[in-house]
Amino acid sequence: MSHSPPPGAPKARIPGPQQPPPPYPRIAAGLWRRCLGAGLALWVSAAWVTYETRNSTLLPTLILLGGFLVPVVFVLWAYERHVRDLGVSAILGCFLAGGALGVLGASPLGSYPLHPSLGRFLGVGLIEEAAKLGALVFVLRRQPGIRGMRAGLVLGAAVGFGFAAPESVGHAFGAAASTSGAGLRALLQTEIPRGLLAPFGHGLWTAIAGGALLSRRRLTGRFRITAPLVGTCLGVCLLHALGDATHGLALWGVARLTGAGPFAPGYLVRPDGVREHLFTLFSVGGLALVALAGVGWVRSLARRDASW
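Residues numbered from 1 in each chain as written. Predicted model: local features only at pLDDT ≥ 70, side-chain atom pairs only at ≥ 80, totals over all residues. Heavy atoms only, no water.

A few words on the pattern of salt bridges. One pass over the full model with this rule turns up three salt bridges. Among the salt bridges present, the one from Arg150 reaches Asp85, with a minimum N-O distance of 2.8 Å. Here Asp85 lies in the loop between α2 (59–81) and α3 (88–110) and Arg150 lies in helix α5 (residues 149–178), a separation of 65 residues in the sequence. Among the ionic pairs, Arg194 bridges to Glu167, the shortest N-O distance being 3.2 Å. Here Arg194 is found in helix α6 (residues 183–197), whereas its partner Glu167 is found in helix α5, with 27 residues between them in sequence. (Salt bridge = Lys/Arg side-chain N within 4 Å of Asp/Glu carboxyl O. Helix = DSSP H or I, 4+ residues; strand = E, 2+ residues; numbered from the N terminus.)

Bringing empty space enclosed by the protein into the picture now. This model, assessed by the stated rule, comprises one cavity of 30 Å³ or more. There is about 100 Å³ of room inside the largest cavity. Lining of the largest cavity is provided by 13 residues; of these, Gly66, Gly67, Ser168, Arg194 and Gly195 occupy positions nearest its centre. Every element with two or more residues in the lining of the largest cavity is listed here: α2, α5 and α6. In terms of residue class, the lining of the largest cavity is made up of six nonpolar, five polar and two charged. (1 Å grid on protein atoms, 1.4 Å probe; cavity = no way out; pocket = protein on both sides within 12 Å on 5 of 7 lines; lining within 4 Å. Points joined across faces, edges and corners; volume = space filled by probe spheres on them. Nonpolar A, V, L, I, M, F, W, Y, C, P; charged D, E, K, R; others polar.)

On the surface, Leu118, Leu122, Leu238, Leu242 and Leu249 cluster together into a nonpolar patch covering about 410 Å² of accessible area. Sorting the residues of the nonpolar patch by element identifies α4 (118–140) and α8 (227–258) as the ones contributing at least two each. Tallying contributions element by element places α8 first for the nonpolar patch, with three residues. Along the polypeptide, Leu249 turns up in helix α8. (Patch = residues over 30% accessible without salt bridge, like charges linked within 9 Å, V, L, I, M, F, W, Y side chains within 5 Å. Areas by Shrake-Rupley, 256 points an atom, 1.4 Å probe, with all protein chains shown as cover.)

Looking now at α2. With 23 residues, α2 extends 33 Å from end C-alpha to end C-alpha; this agrees with the ideal 33 Å at 1.5 Å per step. By the largest-angle criterion, Phe68 marks the main kink of α2, which is about 40°, and a proline, Pro71, follows within four residues. (Expected span 1.5 Å × (residues − 1). Bend = angle between axes of the 7 residues up to and from the residue.)

Here the focus is the nonpolar core. One finds Ile91, Cys94, Leu136, Leu140, Ile146 and Leu155 to be the most contacted residues of the largest nonpolar core, which totals 42 residues. Contributing elements (two or more residues each) for this core: α2, α3, α4, α5, α7 (202–214), α8 and α9 (273–302). At nine residues, the largest contribution of residues to this core is made by α5. The contacts of Ile91, once residues within four sequence positions are left out, are Val75, Ala78, Tyr79, Val83, Val154, Leu155 and Ala158. (Core = buried A, V, L, I, M, F, W, Y, C linked by side-chain atoms within 4.5 Å. Buried < 20%, exposed > 50% of the residue type's maximum accessible area, 1.4 Å probe, protein only. Contact = heavy atoms within 4.5 Å.)

Take the packing of α4 against α7 next. A pair of packed helices can be characterised by two numbers: the angle between their axes and the separation between those axes. Axis separation between α4 and α7 bottoms out at 10 Å; the angle between their running directions is 55°. As far as their axial angle goes, α7 and α4 are oblique. By crossing handedness, the relation of α4 to α7 is classed as right-handed. Counted together, Glu128, Glu129, Lys132, Leu133, Leu136, Val137 and Leu140 of α4 and His202, Trp205, Thr206, Ala209, Gly210, Leu213 and Leu214 of α7 form the full contact between these two elements. Residues that form the contact of α4 with α7 fall into these classes: eight nonpolar, three polar and three charged. (Axes fitted to C-alpha atoms, helices over the stretch in contact; angles between N-to-C directions. Parallel < 35°, antiparallel > 145°, perpendicular 65-115°, else oblique. Left-handed = near helix turned anticlockwise from the far one by under 90°.)

The next point concerns the layout of surface pockets. Taken as a whole, the second largest pocket encloses approximately 540 Å³ of empty space. Residue assignment for the lining of the second largest pocket shows that the elements contributing at least two residues are α2, α5, α7 and α9. Of the residues in the lining of the second largest pocket, the class split is 17 nonpolar, two polar and one charged.

What follows is about the confidence of the model for the protein chain. Across the protein chain, the average pLDDT comes to 81, with 79% of residues at or above 70. Mean pLDDT values for the elements of the protein chain range from 77 in α3 up to 95 in α7. (pLDDT = per-residue confidence, 0-100.)

Next comes the structure, spelled out in structure tokens:
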């Protein structure tokens, strides 16, 4: 026979069910938006102070922010929206490997003296895309559970953005260092277009190749080299080459329409208003067509994965 405890006696507390800790770090929702806003505000402030004071000590800040802002924001957005289940180490490792292995692997080969033609751009595209895919394989070689179209698209894009960030920094630094008396203007003219086009360049191209690679990965973790994968990589290299060759193709189009040769190492000779407008139309229109082709390709691949 049980007796009720006397009044005022302490009651035993039965512990409730314990929830296991999440396998990924808790990142507040919308962190990528705050980083984008804060980074843009800092970049604009640094550019304005540099312009007003003519002090070049802020140029490194401008260069690093301009090169890394969009890639880092993408990594935060992609982790928050799509790959929390894969873990932060996977996407961070792909981003860092794309910057380190991708640039280091492609730079010596990319400097090989090729003839200035479409074949040169195809060669550079093939070299750089092979280096980025090698970086993706290196990071995931001991993680056999990471496979599928979704993982390939996101992690491939992370490698591409990691590759693009130091490349943009190098271009901006070269523009600022090679222009005497107009370092800030040359820097802004280099960084602003590259920042705006960053989501439609290396990240987009390597996302397509990464999706094709991981969607055909075996359950054991081995990577398969199949005919569809080779065809996809060749198509990505063609997009890469067209994106790089847009400037030269725009010059060629202006020369054909105006009946005069506007070439002088890659620039218009005695440009007038008509030539400048045509060149802007051809170059921007060409980049837009390449970007639309890449975006359409990624959307068609994403529709094949039910996990989206």
